[in-house]
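# Breakdown of the fold
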Amino acid sequence: QVQLVESGGGSVQAGGSLRVSCAASGRTVSSYAMGWFRQAPGKEREFVAGISQSGGRSYYVDSVKGRYTISRDNAKNTVFLQMNSLEPEDTAVYYCAAKFAVSAIVYFRMREVDYWGQGTQVTVSS
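Let us look at the structure shown here. Small disclaimer: the values here were computed from a predicted structure and weren't measured.

Another point: the pairing of strand E7 (residues 68-73). Residues Tyr 68, Ile 70 and Arg 72 line the buried face of E7, whereas the alternating positions Thr 69, Ser 71 and Asp 73 sit on a face that is not buried. Inspection of the sheet shows E7 paired to strand E8 (residues 78-83) by 6 bridges, in the antiparallel sense. Among the inter-strand pairings, Thr 69 is bridged to a residue of E8, identified as Gln 82.

Shown next, in the form of structure tokens:
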């Protein structure tokens, strides 16, 4: 079992930055691709960023590309999402997710997620 706990959410002004973190426990996450999903009010949950098990490859949905950076520290079993130039449209609950992988995958679907965090709220005001 892997437990994922998000932290770092909060409220920021448009144009500001925020970093959310996902701490894993129970076992090492070095064999897992990690990612972040988000769900805005009235919207479906969407995959926004992913990172391979070694951290060598990453993926971003077009709407956040150039503004978000996903990273991981496998020694600390932690994945991060640095969010810059935040916009009100980024307001959502952000969920950390883990997917077992033996290759350098960076994208996975909701139905493929092995472990979920409980989410952290990010609110961006104009």
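Moving on: the side chain of Thr 120. Within the fold, Thr 120 resides in strand E11 (residues 120-125). At a separation of 3.3 Å, a polar atom in the side chain of Thr 120 contacts the main-chain amide nitrogen of Gly 9. For Thr 120, the contacting residues outside a window of four places in its chain are Glu 6, Ser 7, Gly 8, Gly 9, Val 20, Ala 92, Val 93 and Tyr 94.

Attention shifts here to the pairing of strand E9 (residues 92-100). Counting buried positions along E9 yields 8 of 9 residues, so the element is predominantly enclosed. Pairing geometry for strand E4 (residues 32-39) and E9, over 8 bridges, is antiparallel. Note that in E9 the partner of Phe 37 across the bridge is Tyr 95. Note: E9 against E11, 3 bridges, orientation antiparallel. Bridging from a neighbouring strand, Ala 92 pairs with Val 122 of E11. Across 2 bridges, the pairing between E9 and strand E10 (residues 115-116) is antiparallel. Residue pairing for E10: Ala 97 is matched across the bridge by Trp 116.

Conventions adopted
- Residues numbered from 1 in each chain as written.
- Predicted model: local features only at pLDDT ≥ 70, side-chain atom pairs only at ≥ 80, totals over all residues.
- Heavy atoms only, no water.
- Buried < 20%, exposed > 50% of the residue type's maximum accessible area, 1.4 Å probe, protein only.
- Helix = DSSP H or I, 4+ residues; strand = E, 2+ residues; numbered from the N terminus.
- Pairing = 2+ DSSP bridges.
- Polar contact = N/O pair within 3.5 Å; in protein donor to acceptor, adjacent residues only side chain to side chain.
- Contact = heavy atoms within 4.5 Å.

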